[in-house]
Amino acid sequence: MKKLISLILVGLLVMALALTACAEDLKVAVVLSGATGDRSFYDSANEGLEALVAAGGVAGTLVECKNDASAFGTKLVAAAEENDIVVAVGWEFWDILCEYAPELPDTKFIFIDNGLDGIGDNLMSITYAQNEGSFLVGYIAGTLSQTGKIGAVGGEDSDTINDFMVGYEAGAKYANADIAVEVQYAGDYDDPAKGKELALALYDAGCDVIFQVASRTGEGVFEAAAERGLYAIGVDSDQKYINPDVIVCSMIKRVNASIEQAITAYMTDGTWAGNSIWVADMSTGLIDVGYGDDTMPQQVSDELKAEVEEIAGKIISGEIVVPSVF
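Below is a short write-up of the structure.

What counts, and where the lines are drawn
Residues numbered from 1 in each chain as written. Predicted model: local features only at pLDDT ≥ 70, side-chain atom pairs only at ≥ 80, totals over all residues. Heavy atoms only, no water. Buried < 20%, exposed > 50% of the residue type's maximum accessible area, 1.4 Å probe, protein only. Helix = DSSP H or I, 4+ residues; strand = E, 2+ residues; numbered from the N terminus. Contact = heavy atoms within 4.5 Å. Phe/Tyr/Trp six-rings, centres within 6.5 Å; stacked < 30°, edge-to-face > 60°. Lys NZ or Arg CZ within 6 Å of the ring centre and 35° of its normal. Pairing = 2+ DSSP bridges. Axes fitted to C-alpha atoms, helices over the stretch in contact; angles between N-to-C directions.

**Points about helix α8 (residues 219-228)**
The set of residues buried in α8 consists of Glu219, Gly220, Val221, Phe222, Ala224 and Ala225. Along its buried surface, α8 packs onto β6 (149-154), α7 (192-204), β8 (209-213), β9 (231-236) and β10 (247-253). Glycine 229 occupies a position one or two residues after α8 and carries a positive phi of about 70 degrees.

Put into structure tokens, the structure is as follows:
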């Protein structure tokens with residue numbers, strides 16, 4: 001009987017310790033204006049959350065608004081009431097954060113891909129120098145183009161998307177001053193059919209390389225590239241694996257790593273860049289170019305890759321200043 005009682009007491013102690021450990025986990029919610037499955041921006045944010053949970057000390061929750069405007073406010077506020085840190089992914093949360101972040105001072109907010117400050121010490125923003133990475137893939141496009149005309153498909157005509165575009169065009173003209181760059185906007189981030197339609201029109205108009213900056217809509221660009229036997233460029237994540245025969249490279253924006261770094265710093269020593277904007281530029285390693293792996297066809301030669309690395313170094317040093325809409 002004494003042995004049984006001892007075992008019960010030990011079991012209760014283990015349960016109590018487990019509950020205490022769970023109670024001490026930092027509660028983090030990643031709230032997406034869209035949804036996972038885009039194999040780029042939203043998936044990268046979710047990967048950051050999953051990595052934090054796997055490392056331990058974080059209880060993670062993923063919330064998807066699926067581009068439903070009526071859900072943006074309710075889901076973000078609900079997440080804030082239940083978590084220590086809420087990561088808001090998408091410009092759609094701008095007005096909501098301005099309104100509610102000051103009313104929820106006990107919750108910390110990280111606004112991804114948008115620069116919002118002056119709201120309160122509980123809000124930090126992370127923006128990315130996508131213009132710098134886009135300069136590099138623009139240089140690749142300008143070098144590979146045989147027609148002297150390249151294109152891009154954007155999800156919408158907005159400052160963030162146009163920051164990609166100005167960098168892309170500048171990089172292309174750095175490779176070939178006479179190159180023509182044509183941009184089309186889908187007005188949607190979740191419509192591959194629209195992306196394919198726009199890309200086919202660009203290819204048929206003479207573009208032989210197209211940069212997609214349109215989340216799931218951009219997957220239609222890859223379909224169009226395969227149909228026409230021409231080239232495409234991926235965005236946010238290394239997307240070459242989707243179709244290695246036509247995707248020559250991708251402009252990488254490591255949203256996952258930036259979320260991991262910000263929250264790990266807070267967990268480690270309480271570092272919190274509240275009421276400020278962290279610009280993740282090329283020098284941070286969060287902006288890069290991906291070419292898939294060695295098992296995939298490499299349309300970009302080693303010589304061209306070396307040129308891209310040299311240009312990246314000049315951007316980091318300030319020798320090359322990439323234009324931006326911001």
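Right, picking up where we left off after that structure.
**Comments concerning the packing of aromatic side chains**
How two aromatic rings sit relative to each other is set out by the distance from centre to centre and by the angle between their planes. Here the structure, examined in full by the defined rule, presents eight aromatic pairs. Feature note: the residues Phe135, Tyr139 and Tyr174 constitute an aromatic cluster, connected by ring pairs. Lying across the ring of tyrosine 291, lysine 305 places its NZ or CZ 4.7 Å from the centre.

**Section: the sheet that holds β8**
Strand order in the open sheet formed by six strands is β7-β6-β8-β9-β10-β12, and the pairing between neighbours is mixed. For this open sheet the edge positions go to β7 (180-185) and β12 (287-290), each flanked by a neighbour on one side alone. Geometrically, the sheet is characterised by an average inter-axis angle of 20 degrees between neighbouring strands, direction not taken into account. As paired strands, β8 and β9 are joined by three bridges and run parallel to one another. Residue pairing for β9: phenylalanine 211 is matched across the bridge by isoleucine 233. Packing of α7 onto the sheet brings it into contact with β6, β7, β8 and β9, and relative to β6 it is tilted by some 170 degrees.

**Some remarks on the environment of isoleucine 252**
Residue position: isoleucine 252 is located in strand β10. The spacing of isoleucine 252 and aspartate 294 is 42 residues in sequence and 18 Å in space, taken between C-alpha atoms. Isoleucine 252 has contacts with Asp236, Ser237, Asp238, Leu286, Ile287, Asp288, Val289 and Gly290, leaving out every residue within four places of it along the chain.

Any functional reading would require information that these geometric values do not contain.
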